[in-house]
Amino acid sequence: MTRQAWLNGVFIAADEARISPFDRGFLFADGVYEVTAVYGGQLIDLERHLDRLERSLRELKFGTMPDRKELEEVHRKLVEQNGIEEGYIYLQVTRGAYAGRDFVAPDKPRLTTFLFGEKRALIDTPAARNGSKIVALPDIRWARRDIKSVGLLAQALAKTEAKARGADDAWLVAPDGHVTEGASSNAWIVTKDGQIITRAISNMILAGVTRHALFDSLGQRGVKIIERSFTLEEAKEAAEAFTTAATGLVTPVVSIDGVALSDGKPGPVTRRVQKLYYTAIGADVAKAAPWLGG
Ligand code: PDD
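Residues numbered from 1 in each chain as written. Predicted model: local features only at pLDDT ≥ 70, side-chain atom pairs only at ≥ 80, totals over all residues. Heavy atoms only, no water.

Concerning the packing of helix 6 (residues 209-220) against helix 8 (residues 268-280)
Line of reasoning, step 1. Contact pair helix 6 / helix 8: the axes reach a minimum separation of 10 Å and the direction vectors enclose 100°. Of the possible angle classes, the one that applies to helix 6 and helix 8 is roughly perpendicular. In this structure, helix 6 uses Thr210, Ala213, Leu214, Ser217 and Leu218 to contact helix 8, whose residues at the interface are Val273, Leu276, Tyr277 and Ala280.
Line of reasoning, step 2. Of the residues that constitute the contact of helix 6 with helix 8, the class distribution is seven nonpolar, two polar and no charged. (Axes fitted to C-alpha atoms, helices over the stretch in contact; angles between N-to-C directions. Helix = DSSP H or I, 4+ residues; strand = E, 2+ residues; numbered from the N terminus. Parallel < 35°, antiparallel > 145°, perpendicular 65-115°, else oblique. Contact = heavy atoms within 4.5 Å. Nonpolar A, V, L, I, M, F, W, Y, C, P; charged D, E, K, R; others polar.)

Considering the site of the ligand
Line of reasoning, step 1. In the vicinity of the ligand lie 20 residues, with Tyr33, Glu181, Val209, Thr210 and Ala246 positioned nearest.
Line of reasoning, step 2. Here arginine 52 contributes a side-chain N or O atom positioned 2.9 Å from an oxygen atom of the ligand.
Line of reasoning, step 3. Serine 184 has a polar backbone atom sitting 3.4 Å from a nitrogen atom of the ligand.
Line of reasoning, step 4. Computed on the free molecule, the ligand has an accessible area of 470 Å², of which 92% lies beneath the protein chains in the complex.
Line of reasoning, step 5. Within the residue set of the shell around the ligand, elements represented by two or more residues are strand 3 (31-39), helix 2 (46-59), strand 9 (179-182), helix 6 and strand 13 (240-245).
Line of reasoning, step 6. Class assignment of the residues belonging to the shell around the ligand gives a composition of seven nonpolar, nine polar and four charged. (Near = heavy atom within 4 Å. Polar contact = N/O pair within 3.5 Å; in protein donor to acceptor, adjacent residues only side chain to side chain. Areas by Shrake-Rupley, 256 points an atom, 1.4 Å probe, with all protein chains shown as cover.)

Concerning helix 3 (residues 68-81)
Because each turn of an α-helix spans 3.6 residues, side chains separated by three or four positions end up pointing in the same direction.
Line of reasoning, step 1. Across its 14 residues, helix 3 extends 20 Å between first and last C-alpha, which sits within 8% of the 20 Å expected from 1.5 Å per residue.
Line of reasoning, step 2. For helix 3, the full list of buried residues reads Arg68, Leu71, Glu72, Val74, His75, Leu78 and Val79. Considered in projection along helix 3, the buried side chains sweep an arc of 165° and stay on one side of the axis. Looking at helix 3, the residues exposed on the side facing more than 90 degrees away from the buried face are Lys69 and Glu80. (Expected span 1.5 Å × (residues − 1). Buried < 20%, exposed > 50% of the residue type's maximum accessible area, 1.4 Å probe, protein only. Arc of directions from axis to C-beta.)

Observations concerning the sheet that holds strand 2 (residues 10-13)
Line of reasoning, step 1. Pairing is antiparallel in the open sheet, where six strands are placed in the order 2-1-6-5-3-4. Only two strands of the sheet have a single partner each, and these edge strands are strand 2 and strand 4 (42-43).
Line of reasoning, step 2. Note: strand 5 (residues 86-94) against strand 6 (residues 112-119), eight bridges, orientation antiparallel. By the bridge assignment for strand 6, isoleucine 89 is matched with glycine 117.
Line of reasoning, step 3. Where helix 2 meets the sheet, it contacts strand 3, strand 4 and strand 5, and its direction lies at approximately 175° from that of strand 3. (Pairing = 2+ DSSP bridges.)

Quick look at the pairing of strand 5
Line of reasoning, step 1. The buried fraction of strand 5 is high, at seven of nine residues.
Line of reasoning, step 2. Pairing between strand 3 and strand 5: nine bridges, direction antiparallel. Across the sheet, threonine 36 pairs through a bridge with isoleucine 89, a residue of strand 5.

Points about empty space enclosed by the protein
Line of reasoning, step 1. With the rule as written, the count across this model stands at one cavity of 30 Å³ or more.
Line of reasoning, step 2. If you add up the space inside the largest cavity, you get close to 40 Å³.
Line of reasoning, step 3. The wall of the largest cavity is formed by Ala37, Ile44, His49, Val209, Thr210, Ala246 and Tyr277.
Line of reasoning, step 4. Classifying every residue of the lining of the largest cavity by side-chain character gives five nonpolar, two polar and no charged.
Line of reasoning, step 5. Counting contributing residues per domain, the lining of the largest cavity is built from domain 1 (4-119) and domain 2 (126-292), each supplying no fewer than three. (1 Å grid on protein atoms, 1.4 Å probe; cavity = no way out; pocket = protein on both sides within 12 Å on 5 of 7 lines; lining within 4 Å. Points joined across faces, edges and corners; volume = space filled by probe spheres on them. Domains from an automatic or database assignment.)

Remarks on the domain arrangement of the protein chain
Accessible area lost upon the coming together of the parts serves often as the stated size of an interface.
Line of reasoning, step 1. Considered domain by domain, the protein chain is made up of domain 1 (4-119) and domain 2 (126-292).
Line of reasoning, step 2. When each unit is reduced to the centre of its C-alpha atoms, the spacing between domain 1 and domain 2 is 26 Å.
Line of reasoning, step 3. Summed over both sides, the interface of domain 1 with domain 2 buries roughly 1,800 Å², with 62% coming from carbon and sulfur.
Line of reasoning, step 4. Summed over the three residues of domain 1 that lose the most area to domain 2, namely Tyr33, Arg48 and Arg52, the buried surface amounts to 35% of that side.
Line of reasoning, step 5. Across the domain 1-domain 2 interface, the total number found is three salt bridges.
Line of reasoning, step 6. In this structure, arginine 55 engages aspartate 146 in a salt bridge whose closest nitrogen and oxygen atoms are separated by 3.1 Å.
Line of reasoning, step 7. Linking domain 1 with domain 2 are eight residue pairs in polar contact (both at pLDDT 80 or more).
Line of reasoning, step 8. Counting only elements with at least two residues in the side of domain 1 that touches domain 2, the list comes to strand 3, helix 2 and strand 5.
Line of reasoning, step 9. Counting residues per element, the side of domain 1 that touches domain 2 draws most heavily on strand 3, at seven residues.
Line of reasoning, step 10. Split into classes, the residues belonging to the side of domain 1 that touches domain 2 amount to nine nonpolar, four polar and six charged. (Buried area = accessible area lost by both parts, 1.4 Å probe. Salt bridge = Lys/Arg side-chain N within 4 Å of Asp/Glu carboxyl O.)

See below:
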């Protein structure tokens, strides 16, 4: 089946979509994006993703917003047209294409808005079952990581380096030795005395939608999350660690720079958090994630 996408108001076969090389997204990475998970054919936390999209655009002084109702509708139609039970919808908005290459942004941009959908396992993946091996790399990104910018070169290089070193993913470390976040996820640790810790929201990290959802689910059960920075050393000594993102949901971390956490297997707190999150998005855990033990 041809993958369906949507570009500037028109549904189109994904491989027929065309964007000008003068698009500011291409020339200056002048654009933002969102990735919304789909599970059971339902968009997970779409409103929070659209809130964050609008915030990113405001912070970058776009001046023009895409029509939110239309974006909601397009998300839903792409889930349907692409028959996505499990996967994601990608959305990108750039400040558009103009006659030449001008650093100064136009007052009233003609936005380029592009969406596509993809089927992909989110729950039953090797990383969710067995955990992922992480390498720590210097965080060389710009100072506004709270904006979900398409300027992802540092993240792409970090993930490529992680793979070259035989690991699954990268965590990024600020010059002060504290972990900021994963290359495309938020980072969490569980201390030996059972405290669940993740870095507080600031310009240093992206305010993850999955992170936010976990605050809700854990909060409802009276489980406390401590928001504070932790160093790479503390992470290596933690009992457990995991990451959260729309693409990996809750993914256990089993080693950092070759140092195994506890026995090198996903820990019991992480397993509970996975179960809780999968349940919250409507999964029948016994069927979808039998390794969690029903
Ligand atoms: N990335 N931090 C960074 C740097 C990210 O790129 C992401 C998500 C997150 C988690 O955010 P959320 O829970 O809203 O997905 C945190 C997406 C999935 C990506 O780039 O593919």
